[in-house]
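Given next are the chains, with one letter for each unit.
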Amino acid sequence: MELLKDILLQLSMAYAPSGREHTATEIIEKFLLKYTKDIKKDALGNIIAVIPSKKTNAKKIMLDAHYDEISLMVTNIDDDGFVKFTSPFGVDIRSLLAKEVIIHGVQEVFGIVSSKPPHLLSDEEMQKAYKVEDLAIDIGFNNEKANKLINIGDSITFKARTTNLKNDIICGKSVDNRAGVTAIIGCLELLKNINLEVELIVLFSVQEEAGTKGAKVGAYTVNPDTAIVVDVSHAFTPDASKDETGEMGKGVMIGISPILKREISAELTQLAKENEIPFQTEVMSDNTGTNAASIQIARSGIPTGLISIPLKYMHSPCETVMLSDIECVSRLLAEFVKGIREGETI
Amino acid sequence: MIKSVLHRLCSLSGVSGCEDEVGEYIVSELKGVAEVKIDNLGNIIAFKKGKQRSLRKVLFSAHMDEVGLIITKINDDGYLRFSTIGGIDTRVLISARVKVGKNKVNGIIGIKAVHLLSKEEKTTVPKLSSLYIDIGAKNKDDALKYINEGDIAEFDSDFVEFGDNYIKSKAIDDRFGCLALIELCKKELLYDTYFAFTVSEEIGLRGAFACAYEIKPEIVVVVEATTAVDLADIKGENKVCSLNCGAVIPFMDKQTIYDKKLFKFATELANEKQIKWQTKTKIAGGNDAGAFQRSLAGIRVLSVCVPCRYLHTPSCVINFYDCEHTEKLLFELIQKLGGESNV
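This structure is a prediction, so every number in the text was calculated from the model and none was measured. Within every chain, residues take consecutive numbers counted from 1 along the sequence as written. Here the convention is simple: chains get letters from A, ligands get numbers from 1, in the order in which they are written. Local features in a predicted model are, by the rule used here, given only for residues with pLDDT of at least 70; side-chain atom pairs are given and counted only at 80 or more, and totals for whole chains, interfaces and linings are based on all residues. Note that the side-chain values use all heavy atoms of the structure and ignore hydrogens as well as water.

A. Inspection of the overall build of chain B at higher detail. Each helix and strand in chain B was counted, giving 10 helices and 16 strands. Using C-alpha atoms as the atom set, the radius of gyration is obtained and then compared with a globule rule of 2.2 Å times the number of residues to the power 0.38. For a compact globule of 343 residues, the expected C-alpha radius of gyration is about 20 Å, and chain B comes in at 21 Å, within 12% of that figure. If one aligns the C-alpha atoms of chain B with their principal axes, the spans along those axes are about 65 × 45 × 35 Å. It only takes one pair of heavy atoms within 4.5 Å for two residues to be counted as in contact. Here the contacts in chain B between residues at least 6 apart in sequence split such that 77% fall between residues at least 24 apart. Going along the chain from the N terminus, every DSSP run of H or I of four or more residues is numbered as a helix, and every run of E of two or more is numbered as a strand.

Here it is as structure tokens:
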């Protein structure tokens, strides 16, 4: 668990805004190098790592987790140097006020999301959530200097320390989905001394937050027989409904959805039971909103499963997960990979 | 101004009613510099001998406390309900980090994910009563191992230097004032001067009332951080005051109509010494001057402030240049006020 914690702490501090993930590739590759030298980057920035099988024509199993993070984008610099922005990727705007951000310009530029003080607002205005167009970022530079450092189109990410809460709970930015990346690396660690019957391919994909784009082309390149997507999903909090959420600390969330292959969901459930890995079921009626949606329909169709880590406060600068849940995901993935033999059809 | 001392002061805990950490640090800074005593409420009162006796008792005052939260209830599932201490906009609390209790336990004020919101929830601000702090506790008993109901929570916010000489931190309101007074007190002064570091300004200027009674000054200069709204899309007088435009000398705020003669004296002195200053273009905010002015048989008050953006949030922002002008003006004032008979 200490290994998982160390990996997650390092990964969540790295910056990888959708479409501009290059700033995090080096650190992710560093963790992968422990398990394979066969690591490639494709045209969009997907990281594809292959752990070969001793067998020829072995079945190809792909484990996917996106490594991009929610971000904002610069649209204008006003006369006084305040930076206006847009929010194309689902950042919770209500979380932005007075928060620290990094603008990924010519260099990393620190800023604060600026907000009007209450005494300038009417009572009615105070009840309203800000719209993105009402906000700006204060970078402490005038227009001329701001223009030298920042360009329209630059990505903006949260700046937030990753910290520990009680009971091995980790809180930070971009835990969605560095927790998933961590779980897959944890799986590789569990498998490192085992001769695999299958060829194992890890896809750390880009642009999930921009519409599961990276996984689509990554799946095309990898062309696996089976894919398992690892992402995060909502854990219960006092202001949410128990019916709509999983529970933190209760283990893996095994996805069931019309787009996921039923047999894979069933196999994952069976393996969790056999190996006493805590699990819960997450039933979705839609395309899951994860990379599974685009992997399933890559090439001539790829049988896909989905495992999620319960996470609180998604798309805020304080996304929260419990390490034991990540560990459960690593274990279940490892059992799944070990369990597949040549000629089996899952 | 010594940035490292401001950094230290801002990183201390001092939510109203719990200013001990700040008080202890200030007392240690003033050791051997001035005569220091602590009153019943925790106000720190320092007397600094000058080269000459002052014509009248002059007091420079700054408050030690900062806005924060108090834990009102621990839920069965281990989440903490809270109220605010001092005026805090609910919207800046969403996704904020806090430190809870004496052991400074990490906590976050989370809200359910944007994906789970109804259309109406997306456009409204959650009620303060619906917010909670998550410290990662399993349940109430687990939470009670680390904290208690009634504990204080403070913002968890780093001190950051950024941009062109800007500083961001929690509690700049009014640790800037504390720093300015510590630095003045360490200088060689012409006249005997009193300094007060007050408690509980943010919950109704409470410490200042006791200070006024104890010291009985004739003139009080309140040193503060005051709201600047020089932000994107804010025009003209709505800016109230602006960063990078020097010290702020208000003529009036929501608590106080400042002494006309003192206001004139301070502004003329600033002009004479070529110190950049501005006044507030809106009657907004208020500070300890409101308590001093209506204490005893009435006390004449002046305020000299540094302009500060995002007051009462985890991310107060000031400019170093303004700090220097403010401190310079304060020094000129302290060297004059004790000796001028016609002010």
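B. A look at the overall build of chain A. Looking only at helices and strands, chain A features 9 helices and 17 strands. In summary, chain A has a C-alpha radius of gyration of 21 Å against a globular reference of 20 Å for 346 residues, a match within 12%. Principal-axis analysis of the C-alpha atoms gives chain A an extent of 70 × 40 × 40 Å. Each residue is placed in one exposure class: buried if its accessible area under a 1.4 Å probe, protein chains only, is under 20% of its type's maximum, exposed if it is over 50%, and partly exposed if it falls in between. Expressed as a percentage of its 346 residues, the buried residues of chain A come to 62%. Expressed as a percentage of contacts within chain A between residues at least 6 apart in sequence, the contacts between residues at least 24 apart total 76%.

C. Highlighting the packing of aromatic side chains. A pair of Phe, Tyr and Trp rings is counted when the ring centres sit within 6.5 Å of each other, with Trp represented by its six-membered ring. The angle between the planes then sorts it: under 30 degrees is stacked, over 60 is edge-to-face, the rest tilted. Within the structure shown, the criterion is met by 6 aromatic pairs over all chains. Judged by centre distance (6.3 Å) and plane angle (40 degrees), the ring pair of Phe60(B) and Phe195(B) falls under tilted. Residue Phe60(B) is found in strand β3 (residues 58–63), and its partner Phe195(B) is found in strand β11 (residues 193–198); the two are separated by 135 residues along the sequence. Judged by relative accessible area, Phe60(B) falls into the buried class, the value being 0%. A connected cluster of aromatic rings, assembled from ring pairs, spans Phe110(A), Phe162(B) and Tyr166(B). In this scheme, Lys NZ or Arg CZ marks a charge over a ring once it lies within 6 Å of the ring centre and within 35 degrees of the ring normal. The lysine or arginine in question, Arg299(A), covers the ring of Tyr220(A), its NZ or CZ lying 4.1 Å from the ring centre.

D. A look at helix α8 (residues 260–272) of chain B. All names here are of chain B. Taking 1.5 Å of rise per residue, 13 residues should cover 18 Å, and α8 covers 18 Å from first to last C-alpha, within 8% of that figure. All of the buried residues in α8 are Leu262, Phe263, Phe265, Ala266, Thr267, Leu269 and Ala270. Counted as a polar contact is a pair of N or O atoms within 3.5 Å, where, for protein atoms, one must be capable of donating a hydrogen and the other of accepting one, and residues adjacent in sequence contribute only when both atoms are in side chains. Put simply, Asp259 is the residue that caps the front of α8, since its side-chain oxygen is 3.1 Å from the backbone nitrogen of Lys261. Of the residues one or two after α8, Gln274 is the one with positive phi, at around 55 degrees. The length a helix should cover is 1.5 Å for every residue beyond the first.

E. Structural view of helix α7 (residues 206–215) of chain B. Residue and element names in this part refer to chain B. Three or more residues of α7 are buried, namely Gly207, Ala208, Cys211, Ala212 and Ile215. Around the axis of α7, the buried residues are gathered within 135 degrees of arc, so they sit on the same side. The exposed residues of α7 that point more than 90 degrees off its buried face are Arg206 and Tyr213. At the exit of α7 stands Lys216, carrying a positive phi of roughly 50 degrees. Arc definition: it is the arc formed by the directions from the helix axis to the C-beta atoms.

F. Local environment of the domain arrangement of chain B. All names here are of chain B. Those domain boundaries reflect an automatic or database domain assignment. We note that the domain assignment places domain 1 (3–66 + 170–334) and domain 2 (68–155) within chain B. Taking only C-alpha atoms, the centre of domain 1 and the centre of domain 2 are 31 Å apart. Two parts placed together each lose some accessible area under a 1.4 Å probe, and the buried area is that loss summed for both. Between domain 1 and domain 2, a total of about 970 Å² is buried, with carbon and sulfur atoms accounting for 65% of that surface. Counting the surface domain 1 buries against domain 2, the share from its top three residues, Val15, His312 and Pro314, is 44%. Salt bridge, as used here, is a side-chain nitrogen of Lys or Arg placed within 4 Å of a carboxyl oxygen of Asp or Glu. On inspection of domain 1 and its partner domain 2, the count reaches 2 salt bridges. The shortest N-O distance in the salt bridge between Lys170 and Glu154 comes to 3.2 Å. Where domain 1 meets domain 2, there are 5 residue pairs in polar contact (both at pLDDT 80 or more). Asp, Glu, Lys and Arg are counted as charged, while Ala, Val, Leu, Ile, Met, Phe, Trp, Tyr, Cys and Pro are counted as nonpolar; the rest, among them Gly, fall into the polar class. When its residues are assigned to classes, the side of domain 1 that touches domain 2 shows 5 nonpolar, 4 polar and 4 charged.

G. Region of interest: unusual backbone geometry. The omega torsion of the bond from Asp176(A) to Asn177(A) falls at 15 degrees, within 30 degrees of zero and hence cis. Mapped onto the secondary structure, Asn177(A) falls in helix α5 (residues 175–191). Residue Asp173(B) is joined to Asp174(B) through a cis peptide bond whose omega torsion reads 10 degrees. Following the sequence through the fold, Asp174(B) ends up in helix α6 (residues 172–186). Despite not being glycine, Asn57(A) has its phi angle at roughly 50 degrees, a positive value. Along the chain, the position of Asn57(A) falls in the loop between β2 (47–51) and β3 (60–66). A residue is classified by how much of its surface remains accessible, and Asn57(A), at 75% relative accessible area, is exposed. A positive phi angle, close to 65 degrees, is found at His315(A), a residue other than glycine.

H. Looking closely at the interface of chain A and chain B. Across the boundary between the two partners, chain A contributes 61 residues, which contact 62 residues of chain B. Inspection of the region where chain A meets chain B yields 7 salt bridges. Residues Arg309(B) and Asp138(A) are paired through a salt bridge, measuring 2.8 Å at the closest nitrogen-oxygen approach. Taken together, chain A and chain B are joined by 29 residue pairs in polar contact (both at pLDDT 80 or more). Only β7 (108–114), α3 (123–127), β8 (136–138), β10 (163–165) and β11 (169–172) of chain A provide two or more residues apiece to the side of chain A that touches chain B. Residue classes in the side of chain A that touches chain B are distributed as 26 nonpolar, 17 polar and 18 charged.

I. Local environment of the pattern of salt bridges. All names here are of chain B. Taken as a whole and judged by the stated rule, the model has 38 salt bridges over all chains. Taking the shortest distance from any N to any O, the salt bridge between Glu214 and Lys37 comes out at 2.8 Å. Taken together, the residues Glu214 in helix α7 and Lys37 in strand β1 (residues 35–38) connect sequence positions 177 residues apart. With relative accessibility at 39%, the residue Glu214 sits in the partly exposed group. Lys112 serves as the salt-bridge partner of Glu121, at 3.3 Å between the closest nitrogen and oxygen.

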